[in-house]
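Understanding the architecture of this molecule
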Amino acid sequence: MAKNRDTNEQYFAPLRRLGLAVLLLLLAGIFLIWRIDSPRVERFRMAVIDRVVPSMDWAMTPVTASIEMFHDLQSYARLVEQNQQLRNELQQMKAWKEAALQLEQENARLLDLNNMRLDPQLTKISGEVMADSGSPFRQSVLLNVGARDGIVDGWATMDGIGLVGRIAGVGARTSRVILLTDTNSRVPVTVQPSGQRAMIVGDNTAAPPLEFVENLDLVRPGDRVVSSGDGGVFPAGLLVGQVAQDRNGRMRVRLAADYERLKFLKVLRSQPAEAITSTGDIVSPLAPEGPMPLPEGSAPATVAPAEGEPAPEAVQ
Amino acid sequence: MSDGAAHRRWMLQIAYLTLGLLVIFVQLLPLTSMPSRWAGPDMFTVLTMVWMLRRPDAVPLVLVAMLGLIADLLFQRPPGLWAAILVGLSDFLRRREEGLRDAPFPVEWGVVALAYVAGSILYRLIQTLFLLPNAPLGLTVTQMIMTIAAYPPSVLALNYLLGLRRAAPGEVDALGHKR
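Remember, predicted model here, so these are calculated numbers, not experimental data.

Here we look at the overall build of chain B
Per the secondary structure count, chain B includes 6 helices and 0 strands. In chain B, the succession of α and β elements from N to C terminus is α-α-α-α-α-α. Taking 2.2 N^0.38 as the reference for a compact globule, 179 residues should give roughly 16 Å; the C-alpha atoms of chain B span a radius of gyration of 17 Å, in line with that estimate. Projecting the C-alpha coordinates of chain B onto the three principal axes gives extents of approximately 55 × 30 × 30 Å. Counting the 179 residues in chain B, one finds 35% classified as buried. Sequence separation of 24 or more characterises 70% of the internal contacts of chain B that already satisfy a separation of 6 or more.

Below is the structure:
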């Protein structure tokens, strides 16, 4: 019998080695294709996630809920202490609330005076967090809204308070949010009140560092950090967090969003700002072939001066 | 092959598949979105290594490759890279399974640890070679340590739960085939 087995081994060993080689080549091929044509494979990845993760949702929700309940039970032990803390905070909050109400009224009055219109394009879609990246090396979450809800790559995502990240990867039913803490995340921001422009560069820590600050002396711990809208990535003015200094004296951003519990996120539906593509149409020099004939009855355009009028250079 | 042995092989194969999917599922649970300073063990790799040194006949490499690829896709890793390394690791271990049958456990553990460390270094090397951003070194090192530390408890647990153990020297199956 054993001899029989050995002949089997001899017969099958080359086959097995061939199978191994084919498998390795196949996997290496997938890796290479991903490296060469990343967007297509990433779309495929998103499609796979779109199929797999929602089908696990029925189990994921109860398991997550019960684990969280267990965590909550542990915190009951510190209930009295927590209660006292909360009371103290509530007192402080009442004072802040009063201040906020006054400011709100003042703000409303000022807006009214200026006849100001807030950007009507900023509407939002809310989604629930279904899963996280599953790896300690990547910081991202999966939302249960996708292309069928009109989600588009690159839109900003916030929790109730602050910026959380941006959409990167949209499936039909799901979309992935790259968090600000991910090593691939770069977001242009403004530090207020000094107005310094900077970038938040994710580095897999809870408080990402501020980089490319124009003048570090003007940035102090406690300054507000808001998105700057540079490069058209995000709408401007979304709260990101507060500046804090770490032990090495490096400026970091303590994020305003509650990263401990990301449950519901809102995706800001932002339209790209109108781009000005050419410079010549706005302030054009006089056309060399003479004034343009104006259509009958139309108002004289500001750009092309009508016949007989002095050229713009002459008007001072 | 007798019915009983074939049945058991199927059962072990299904158990591997179920446990692998379970590990992926647990890792995907959205418990906290805070980046952590240390990384947990790569349980799927541990599972595969335990199986390869105990019942390599019950898990075809195709299955390892498939689960590895799914994990790569779901965990936002470069697709196919860790799966390929895992298949290589598995083949390396399954070819040493017979020689390690009567070795003491620390020796087996050492072999597994060395193989995993080599695989991790190869992974980082290839990432660097292909100009991919590498994870912080601290995370990779803690993951290595945790994974190696998770091997003995996994061996124990699988031994109790599934009766997954190394074949004794000279052990034969129901028909007298050498295992």
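Quick notes on the interface of chain B and chain A
Facing the 39 residues of chain B at the interface are 45 residues of chain A. Taken together, the residues of the side of chain B that touches chain A break down into 26 nonpolar, 10 polar and 3 charged.

Digging into the UniProt feature "transmembrane region" (unreviewed entry) in chain B
UniProt's entry tags residues 12-31, 58-75, 105-126 and 138-162 of chain B with the feature "transmembrane region" (unreviewed entry), counted in the numbering of this structure. Counting secondary structure, residues 105-126 of chain B comes out at 100% helix and 0% strand; the distance between its end C-alpha atoms is 31 Å.

Section: the sheet that holds strand S9 (residues 224-227) of chain A
All names here are of chain A. Here 6 strands make up an open sheet; going across it, the order is S8-S7-S6-S9-S10-S11 and the pairing antiparallel. Pairing within the sheet leaves two strands with one partner each, and these edge strands are strand S8 (210-211) and strand S11 (251-255). In this structure, strand S7 (residues 196-201) lies alongside S8, joined through 2 bridges in antiparallel fashion. Looking at S8, one finds that Ile200 is bridged to Leu210.

Observations concerning the nonpolar core
In this structure, A:Leu27, A:Val164, A:Val240 and B:Val87 are the most contacted members of the largest nonpolar core, which totals 87 residues. In terms of residue count, the dominant contributor to this core is helix H4 (residues 81-96) of chain B (9 residues). With residues up to four places along the chain from it excluded, the contact list for A:Val240 reads A:Gly162, A:Leu163, A:Val189, A:Ile200, A:Val225, A:Val226, A:Ser227, A:Val253, A:Leu255 and A:Ala256.

So, the sheet that holds strand S2 (residues 140-143) of chain A
Residue and element names in this part refer to chain A. Pairing within the closed barrel is antiparallel, and its 6 strands lie in the order S1-S2-S5-S4-S3-S12. Averaged over neighbouring strand pairs, the angle between their axes works out to 45° when direction is ignored. In the sheet, strand S1 (residues 123-132) pairs with strand S12 (residues 264-269) via 6 bridges, with the strands oriented antiparallel. Within S12, the residue paired with Glu128 across the bridge is Phe264. Its contacts with the sheet put helix H2 (residues 38-75) on S1, S2 and strand S4 (163-170), and the angle it makes with S1 is roughly 75°.

Quick word on unusual backbone geometry
Residues and elements named next belong to chain A. For the bond running from Gln192 to Pro193, omega is 10°, close enough to zero to count as cis. Unusually for a residue other than glycine, Asn204 sits at a positive phi of about 70°. Note that Asn204 resides in the loop between S7 and S8. Under the C-beta neighbour-count criterion, Asn204 is labelled buried, with 20 such atoms within 10 Å.

Examining the environment of B:Phe105
Relative to the assigned elements, B:Phe105 resides in helix H5 (residues 105-129). Sequence separation between B:Phe105 and B:Pro152 is 47 residues; the distance between their C-alpha atoms is 8.9 Å.

Observations concerning helix H2 (residues 43-52) of chain B
For H2(B), the tally of buried residues reaches 9 of 10 residues, placing the bulk of the element in the interior. Within H2(B) the residues assigned to the buried category are B:Phe44, B:Thr45, B:Val46, B:Leu47, B:Thr48, B:Met49, B:Val50, B:Trp51 and B:Met52.

Some remarks on the pairing of S1(A)
Relative to S2(A), S1(A) is paired through 3 bridges, and the arrangement is antiparallel. Bridge pairing in S2(A) links A:Ala131 to A:Leu142.

The rules behind the values
Residues numbered from 1 in each chain as written. Chains lettered and ligands numbered in written order. Predicted model: local features only at pLDDT ≥ 70, side-chain atom pairs only at ≥ 80, totals over all residues. Helix = DSSP H or I, 4+ residues; strand = E, 2+ residues; numbered from the N terminus. Rg over C-alpha atoms; globule rule 2.2 N^0.38 Å. Buried ≥ 20, exposed ≤ 12 C-beta atoms within 10 Å, placed from the backbone. Contact = placed C-beta atoms within 7 Å. Nonpolar A, V, L, I, M, F, W, Y, C, P; charged D, E, K, R; others polar. UniProt positions renumbered as here; feature names shortened; annotations may be inferred. Pairing = 2+ DSSP bridges. Core = buried A, V, L, I, M, F, W, Y, C linked by C-beta atoms within 7 Å. Axes fitted to C-alpha atoms, helices over the stretch in contact; angles between N-to-C directions.

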